Amino acid sequence: MNVIYAKNYQELSEKAALLIGGQVIRKPDSVLGFATGSTPIGTYQELVRLHRESGLDFSRTVTFNLDEYFDCPISDTNSYHYFMHDHLFNHINIKKESVHLPDGMAKDAQAECERYEKMIAEAGGVDLQLLGIGHNGHIGFNEPDDHFVLNTQHITLTDSTINANSRFYKNREDVPKTALSMGIGTIMKAKQILMVISGTDKKVIAEKALFGPVTPQVPASILQFHQNVTVILAID
Ligand code: F6R
């Protein structure tokens, strides 16, 4: 595991964007895995800047997001579809048809999970997966459990995650209670992983995930078994 200590959030965002940009330059038709949440927002801003100021070209890039709320239309400003377009896709030259998120309005959640998993495999797998980490150690929406979830699944969110997500909603009751998320197995198949962790409130979970025992109670700890992980930390 390659751990980089950034001096602040801005530096974390610049370094993460440069690593993603490097991947796109090396392999213009890269398959990128993206995450939502507050932490990668700065990274997306920097990617937009690299596109505008340095011509970073996403025209051949394909993307798969980690997750999407279930029963949440893409027009909902809290949908991850909306988030990704707002922060990144609307501001770079990626083709519309190259952008993929699980369909949160699918009638059959299980069939949608299988379709998503198959699409990732057919695209040749993810070259570089960007991840954040939840306070409980979740990656994507893989919550602490007694086992690691293998494939893309319809997941029931924990109270801790619903509480964290409620900051974006007027009422806690409006926060979606389930989501479709890549599984731990899907994430572990990515050829490279880039995790961004920011804020003193993430210090305890970062130590557990990066240096503690590997356990499904801390889903991110599985990354210790991945061969190509870079973590950028800005936690003090
Ligand atoms: C969302 C996702 C989540 C977030 C995590 C941290 O796509 O993958 O696992 O990365 O909840 O979110 P922030 O960055 O808001 O603390």
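Being a predicted model, the structure only gives us computed values, none of them experimental.

J.: How do you make sense of the overall build of the protein when you look at a structure like this?
T.: Across its full length, the protein holds seven helices and 10 strands. Computed over C-alpha atoms, the radius of gyration of the protein comes to 16 Å, within 12% of the 18 Å expected from 2.2 N^0.38 for 236 residues, which places it in the range of a compact globule. By principal-axis analysis of the C-alpha atoms, the protein measures approximately 45 × 40 × 35 Å. Counting all 236 residues of the protein, 55% fall into the buried class. Only carbon and sulfur atoms are counted for the fraction: they give 52% of the accessible area of the protein, which is about 10900 Å². Placing the 21 positive and 28 negative side-chain charges of the protein at their respective mean positions leaves the two points 5 Å apart.

J.: Help me understand the nonpolar core in this model?
T.: The nonpolar side chains of a soluble globular protein tend to be buried, and buried together. Judged by nonpolar contacts, the single largest core of 38 residues is most densely connected at Phe34, Leu47 and Leu88. Elements with a contribution of two residues or more to this core: α1 (9–26), β2 (31–34), α2 (41–54), α3 (80–87), β6 (128–131), β9 (192–198) and β10 (229–234). It is α1 that provides the largest number of residues to this core, a total of five residues. In this structure Leu47 touches Ala17, Ile20, Gly21, Phe34, Leu56, Phe58 and Leu88, once residues within four positions along its chain are discounted. Core analysis: the next-biggest nonpolar cluster, separate from the first, contains 30 residues, Ile193, Ile197, Ala220 and Leu223 among them.

J.: Would you explain the site of the ligand in this entry?
T.: The local shell around the ligand holds 14 residues, among which Thr39, Asp67, His138, Gly140 and Lys202 are the closest. Note that an oxygen atom of the ligand is positioned 2.8 Å from one of the side-chain N or O atoms of Thr36. Lys202 is positioned with one of its side-chain polar atoms (N or O) 2.7 Å from an oxygen atom of the ligand. When the free accessible area of the ligand is taken as 410 Å², the share hidden by the protein chains comes to 91%. Considered class by class, the residues forming the shell around the ligand number three nonpolar, eight polar and three charged.

J.: Explain the sheet that holds strand β3 (residues 62–65) to me, please; I cannot follow it from the model alone.
T.: In a beta sheet, neighbouring strands pair by backbone hydrogen bonds and run either parallel or antiparallel. Pairing is parallel across the open sheet formed by seven strands, whose spatial order is β1-β10-β9-β6-β2-β3-β5. The strands lining the two open edges of the sheet, one partner per strand, are β1 (2–5) and β5 (99–100). The sheet contact formed by β2 and β3 spans four bridges and is parallel. Residue pairing for β3: Val31 is matched across the bridge by Val62. The strands touched by helix α4 (residues 109–122) are β3 and β5; relative to β3, the strand with the most contacts, the crossing angle is about 150°.

About the cut-offs
Residues numbered from 1 in each chain as written. Predicted model: local features only at pLDDT ≥ 70, side-chain atom pairs only at ≥ 80, totals over all residues. Heavy atoms only, no water. Helix = DSSP H or I, 4+ residues; strand = E, 2+ residues; numbered from the N terminus. Rg over C-alpha atoms; globule rule 2.2 N^0.38 Å. Buried < 20%, exposed > 50% of the residue type's maximum accessible area, 1.4 Å probe, protein only. Areas by Shrake-Rupley, 256 points an atom, 1.4 Å probe, with all protein chains shown as cover. Lys, Arg positive; Asp, Glu negative; His and termini not counted. Charge placed at Lys NZ, Arg CZ, Asp CG, Glu CD. Core = buried A, V, L, I, M, F, W, Y, C linked by side-chain atoms within 4.5 Å. Contact = heavy atoms within 4.5 Å. Near = heavy atom within 4 Å. Polar contact = N/O pair within 3.5 Å; in protein donor to acceptor, adjacent residues only side chain to side chain. Nonpolar A, V, L, I, M, F, W, Y, C, P; charged D, E, K, R; others polar. Pairing = 2+ DSSP bridges. Axes fitted to C-alpha atoms, helices over the stretch in contact; angles between N-to-C directions.

Bear in mind that shape data such as this cannot, by itself, settle questions of function.
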